[in-house]
Amino acid sequence: DAGVTQSPTHLIKTRGQQVTLRCSPKSGHDTVSWYQQALGQGPQFIFQYYEEEERQRGNFPDRFSGHQFPNYSSELNVNALLLGDSALYLCASSRLWVATQETQYFGPGTRLLVL
Amino acid sequence: ELKVEQNPLFLSMQEGKNYTIYCNYSTTSDRLYWYRQDPGKSLESLFVLLSNGAVKQEGRLMASLDTKARLSTLHITAAVHDLSATYFCAVDRNYQLIWGAGTKLIIKP
């Protein structure tokens, strides 16, 4: 089992550009969540996808959008990049949560630097 | 608004000592998680706590949950250098995780 994979690992963009980050969930998982982690801080929830629909969304502007494909993989798109978007972007996968001891498994992250 | 507070934010300790990290949260929640993050790395799940009074142990780490006090603790017993990392607690709110700021733990030989 390859676990959660993300690509690319690192990315450098300039202000105003657009970026797409990709995530493949752990085998057997159907739910993908995206988080932004600024340096020295805890992760911030961006949104979660299940059955190709956005299920929950955190306090992020519409510049942040996503997609989930039928194979459960997901993309995170950020438009009109700002310097403050520089962060580690983490993808986490899980099975649709019920009252069981489920946890989210995190990928290695994509480190985005906006210049 | 659900807020999660950890303390201390930074902890430097000697090998062999015991210490506790605290995680307070502001509203009720069904689940609380502890994760570990090494520098430049992703997040590794340590514990999932689901009910009041839940206690879980793995090696030198033990986590507990008091839902009435809205408090979770992560206790480190006889610390070793390999436990140096940043530890996060996270609370579930409608299927999204709300995270604490993390506790950076440095264990000196």
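(A) Layout of the overall build of chain B. On a plain count of helices and strands, chain B comes out with 0 helices and 11 strands. The C-alpha atoms of chain B give a radius of gyration of 13 Å, which matches the 13 Å a tight globule of 109 residues would have. Here the C-alpha coordinates of chain B stretch approximately 40 × 30 × 20 Å along the principal axes. Classification of the 109 residues of chain B by burial places 46% in the buried group. Measuring between centres, the 12 positive side-chain charges of chain B sit 3 Å from its 10 negative side-chain charges.

(B) A look at the environment of leucine 2 of chain B. All names here are of chain B. With respect to the helices and strands, leucine 2 occurs in the segment before strand E1 (4-7). Assessed through its relative accessible area of 6%, leucine 2 is described here as buried. For the pair leucine 2 and tyrosine 25, spaced 23 residues apart in sequence, the C-alpha to C-alpha distance is 6.9 Å.

(C) A look at the side chain of glutamine 6 of chain A. All names here are of chain A. Residue placement: glutamine 6 occurs in strand E1 (residues 5-7). At 3.0 Å, the side chain of glutamine 6 and the backbone oxygen of tyrosine 89 are in polar contact. In terms of polar contacts, glutamine 6 uses its side chain to reach the backbone amide nitrogen of glycine 109, at 2.9 Å. Those residues within four positions of glutamine 6 in sequence are excluded, and the remaining contacts are Arg22, Cys23, Trp34, Tyr89, Leu90, Cys91, Gly107, Pro108, Gly109 and Thr110.

(D) Geometry of the sheet that holds E1 of chain A. All names here are of chain A. Ordered by their spatial adjacency, 4 strands build an open sheet running E1-E3-E8-E7, and the pairing between neighbours is antiparallel. The sheet is open, and its two borders are formed by E1 and strand E7 (64-68), each paired with just one other strand. The average angle at which neighbouring strand axes cross in this sheet is 20 degrees, direction not considered. Where E1 meets strand E3 (residues 19-24), 3 bridges bridge the pair, whose relative direction is antiparallel. Looking across to E3, one finds that threonine 5 is bridged to serine 24.

(E) Representation of the sheet that holds strand E7 (residues 61-66) of chain B within the structure. All names here are of chain B. Pairing within the open sheet is antiparallel, and its 5 strands lie in the order E1-E3-E8-E7-E6. Both edges of this open sheet fall to E1 and strand E6 (55-58), since each of them pairs with a single strand only. When the angles between neighbouring strand axes are averaged without regard to direction, this sheet yields 15 degrees. In this sheet, strand E8 (residues 71-76) lies alongside E7 in antiparallel orientation, the contact comprising 6 bridges. In the strand pairing of E8, leucine 65 is matched with serine 72.

(F) Structural detail: the side chain of serine 74 of chain A. All names here are of chain A. Here serine 74 is to be found in strand E8 (residues 74-78). On the basis of relative accessible area, serine 74 is assigned to the buried category, the value being 2%. A polar side-chain atom of serine 74 sits 2.9 Å from a polar atom in the side chain of tryptophan 34. Within the structure, serine 74 has its side chain in polar contact with the backbone oxygen of histidine 67 (distance 2.9 Å). When near neighbours in sequence (up to four residues on either side) are disregarded, serine 74 contacts Leu21, Arg22, Cys23, Val32, Trp34, His67, Gln68 and Phe69.

(G) Structural context of the interface of chain B and chain A. Opposite the 21 residues of chain B that make contact, chain A presents 26 residues. Roughly 1800 Å² of surface becomes buried between chain B and chain A when both sides are summed, with 52% attributable to carbon and sulfur atoms. At the boundary of chain B with chain A, the tally comes to 0 salt bridges. Run the count over chain B and chain A and you get 5 residue pairs in polar contact (both at pLDDT 80 or more). For the side of chain B that touches chain A, the secondary structure elements donating two or more residues are strand E4 (32-37), strand E5 (43-49), strand E9 (85-93) and strand E10 (96-99) of chain B. Of the residues belonging to the side of chain B that touches chain A, the class tally is 10 nonpolar, 7 polar and 4 charged.

Each value, and the rule that gives it
Residues numbered from 1 in each chain as written. Chains lettered and ligands numbered in written order. Predicted model: local features only at pLDDT ≥ 70, side-chain atom pairs only at ≥ 80, totals over all residues. Heavy atoms only, no water. Helix = DSSP H or I, 4+ residues; strand = E, 2+ residues; numbered from the N terminus. Rg over C-alpha atoms; globule rule 2.2 N^0.38 Å. Buried < 20%, exposed > 50% of the residue type's maximum accessible area, 1.4 Å probe, protein only. Lys, Arg positive; Asp, Glu negative; His and termini not counted. Charge placed at Lys NZ, Arg CZ, Asp CG, Glu CD. Polar contact = N/O pair within 3.5 Å; in protein donor to acceptor, adjacent residues only side chain to side chain. Contact = heavy atoms within 4.5 Å. Pairing = 2+ DSSP bridges. Axes fitted to C-alpha atoms, helices over the stretch in contact; angles between N-to-C directions. Buried area = accessible area lost by both parts, 1.4 Å probe. Salt bridge = Lys/Arg side-chain N within 4 Å of Asp/Glu carboxyl O. Nonpolar A, V, L, I, M, F, W, Y, C, P; charged D, E, K, R; others polar.

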